[in-house]
Amino acid sequence: MIPDHLFDEGIDNSLLHKDMKHLQHKTIYDRTQKDYEQEQRDLLSSQDGDTCEIHDQFYRDHKLLLVLFRALAVMPITRSRPGTITFSWTSSATIYAICFYILITVIVLNVGYERIMILRSIRKFDDYIYAILFIVFLVPHFWIPFVGWGVAHQVAIYKTNWGKFQVRYYKVTGENLKFPNLKLSIMIISVGCLLLAVCFLLSLYALLDGFLLRHTIAYLHIITMINMNCALWYINCKGIKIASQSLSECFRRDVDIECSAKLISRYRYLWLNLSELLQSLGNAYARTYSTYCLFMFFNITIAIYGALSEIVDHGFGFSFKEVGLFVDAVYCSALLFIFADCSHKSTLTVAAGVVDTLMSIDVLSVDRPTQKEIDHFIQAIEMNPAVVSLKGYAHVNRELLTSAVSMIAIYLIVLLQFKISLPKDLQIPS
């Protein structure tokens, strides 16, 4: 995050340019009033917690989502003081998360033991691969301390930076950043995540052999957590997208009124702050969504292989088992698509509107300092591309989907070739 003093110095340096022009059709009072309001906004500090609390609309809108993650014992971050989200190993939220996790772990271990016993009794290769699927669904539970609590400090910093950005947005644009219908969307999505998890598990229970109803107790927390992680990523990307669109609209509006070096410079620093916020999203959640993608890749591969194997053995007369496996594959594919697609759309929006406005400016009609600021803005966009990267391991966009499809296809070909080469009566030794 750009330090507050550097941000203020950056936008204040533009005052050295002698580019203040008199606006046509404006009275002296209007110009003075506008300058006075700008001076008052410039006195605000994004390091002040009370100021951030006033302008942090994004936190107020998606507070419910953070509360649900605390309830699930996945991300025990709290609003310990105004304008600041923190994580502490000794906080009540973390202590609750540890106790809740231990309780769920006992249930998961009991179910996992039963699944392993069933796995050890299987002899056929296809049934062995099929039984692994039930165990794979239990694995994300044991990742929680690493991908949830382990990144909570970075996530807390990222969430706090949202408040700082909104203060700076108000200082530059004169408007508070708003997120229309975001709170309602989060309420619907949160309820939908739980209902979707229940429906998914009930469908697997009805369609897949060996999926016992009492086992769904262990899987419910895991599937709900997976759904909520997808929802959290979607909401964060949507917040970035709304902020980008609002910044672009305000930039175009102010450029139409007065295109000056001071104005271009202020928006350049604000855009850099937004671009950095987008990049810090991927860095903060790198562990969480790296494991999330690995789980989805593995699950989709096993589910599709199981379904294709059934088709190879019994023809195209679909059984409940095949349908259940396809439901699993489609479900995980849909979550993976949402994860990659919303990131792709957000990155496209961050620079698009600002670039359109910069390209629409007639550089011959503005003075030399303004032309230089336009060049600096364009260079800043080129040097700081808006991308979501999981700490450099992968870029989250639609290319991730094509890479996933190719990788899954390769593994499916290998598994199917291995199956075809096996004798019909081959058994897995105990």
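Conventions we followed
Residues numbered from 1 in each chain as written. Predicted model: local features only at pLDDT ≥ 70, side-chain atom pairs only at ≥ 80, totals over all residues. Heavy atoms only, no water. UniProt positions renumbered as here; feature names shortened; annotations may be inferred. Axes fitted to C-alpha atoms, helices over the stretch in contact; angles between N-to-C directions. Helix = DSSP H or I, 4+ residues; strand = E, 2+ residues; numbered from the N terminus. Contact = heavy atoms within 4.5 Å. Nonpolar A, V, L, I, M, F, W, Y, C, P; charged D, E, K, R; others polar. Salt bridge = Lys/Arg side-chain N within 4 Å of Asp/Glu carboxyl O. Buried < 20%, exposed > 50% of the residue type's maximum accessible area, 1.4 Å probe, protein only. 1 Å grid on protein atoms, 1.4 Å probe; cavity = no way out; pocket = protein on both sides within 12 Å on 5 of 7 lines; lining within 4 Å. Points joined across faces, edges and corners; volume = space filled by probe spheres on them. Patch = residues over 30% accessible without salt bridge, like charges linked within 9 Å, V, L, I, M, F, W, Y side chains within 5 Å. Areas by Shrake-Rupley, 256 points an atom, 1.4 Å probe, with all protein chains shown as cover. Disulfide = S-S within 2.5 Å. Phe/Tyr/Trp six-rings, centres within 6.5 Å; stacked < 30°, edge-to-face > 60°. Lys NZ or Arg CZ within 6 Å of the ring centre and 35° of its normal.

The name given to the protein chain in an unreviewed UniProt entry is Gustatory receptor, with the source organism recorded as Papilio machaon. If you open the UniProt record of the protein chain and go to Function (unreviewed entry), you find "Gustatory receptor which mediates acceptance or avoidance behavior, depending on its substrates." According to its UniProt record, the protein chain has this under Subcellular location (unreviewed entry): "Cell membrane".

Looking at the packing of helix α13 (residues 320-360) against helix α15 (residues 398-421)
One can describe the packing of α13 onto α15 by two numbers: an axis separation of 7 Å at closest approach and a directional angle of 145°. Facing α13, whose interface residues are Leu336, Phe337, Phe339, Ala340, Asp341, His344 and Lys345, α15 presents Arg398, Leu400, Leu401 and Ala404. A class-by-class count of the residues in the contact of α13 with α15 yields 7 nonpolar, 1 polar and 3 charged.

Comments concerning the pattern of salt bridges
Overall, the coordinates contain 8 salt bridges when judged by the stated rule. The shortest N-O distance in the salt bridge between Arg214 and Glu114 comes to 3.0 Å. Taken together, the positions of Arg214 in the loop between α9 (182-207) and α10 (216-257) and Glu114 in helix α5 (residues 92-120) put the pair 100 residues apart, joining distant regions of the chain. By relative accessible area, which is 49% here, Arg214 ends up partly exposed. Among the charged side chains, a network of salt bridges with common partners joins Glu53, Asp56 and Arg79.

A few points about empty space enclosed by the protein
Evaluated as defined, the whole model comprises 2 cavities of 30 Å³ or more. Roughly 120 Å³ of volume is contained in the largest cavity. Where the lining of the largest cavity is concerned, the elements lending two or more residues are α7 (139-147), α10 and α12 (286-314). In terms of residue count, α12 provides more of the lining of the largest cavity than any other element does, 4 residues in total. Among the residues forming the lining of the largest cavity, the class breakdown is 8 nonpolar, 3 polar and no charged. Volume-wise, the second largest cavity comes out at about 40 Å³. As for the second largest cavity, its lining consists of Leu66, Phe69, Met75, Ile77, Leu232 and Tyr285. Looking at the lining of the second largest cavity, its residues break down into 6 nonpolar, no polar and no charged.

Concerning a nonpolar patch on the surface
Taken together, the side chains of Leu194, Val198, Leu202, Tyr205, Leu213 and Leu220 define a hydrophobic patch exposed on the protein surface, amounting to about 480 Å² of accessible area. Here the nonpolar patch takes 4 residues from α9, the largest share from any one element. Here Leu220 shows up in helix α10. Classification of Leu220 as partly exposed rests on a relative accessible area of 31%.

Section: the state of the cysteines
This structure, assessed with the given rule, holds 0 disulfides. Lacking any disulfide linkage, Cys237 is separated from the closest cysteine sulfur, that of Cys342, by 3.9 Å. Cys237 sits in the buried class, given a relative accessible area of 1%.

Observations concerning the UniProt feature "transmembrane region" (unreviewed entry) in the protein chain
Following the UniProt record, the feature "transmembrane region" (unreviewed entry) maps to residues 93-113, 125-144, 184-208, 217-235, 289-308, 320-340 and 400-418 here. Secondary structure over residues 217-235 splits into 100% helix and 0% strand, and the C-alpha atoms at its two ends are 27 Å apart. In residues 320-340, the share of helix is 100% and the share of strand is 0%. The end C-alpha atoms are 30 Å apart.

Some thoughts on the packing of aromatic side chains
Scanning the entire structure with this criterion turns up 23 aromatic pairs. Look at Phe58 and Trp162: their rings are 4.2 Å apart centre to centre, the planes differ by 25°, and that puts the pair in the stacked class. Here Phe58 is found in helix α4 (residues 57-71), whereas its partner Trp162 is found in helix α8 (residues 152-173), with 104 residues between them in sequence. Overall, the relative accessible area of 0% leaves Phe58 in the buried class. Taking the centre distance of 4.9 Å and the plane angle of 45° together, the rings of Phe251 and Tyr267 count as tilted. One end of the pair, Phe251, is in helix α10; the other, Tyr267, is in helix α11 (residues 261-284), with 16 residues separating them in the sequence. The buried category is assigned to Tyr267, whose relative accessible area is 0%. One cation-aromatic arrangement involves Arg79 over Tyr59; the distance from NZ or CZ to the ring centre is 3.9 Å.

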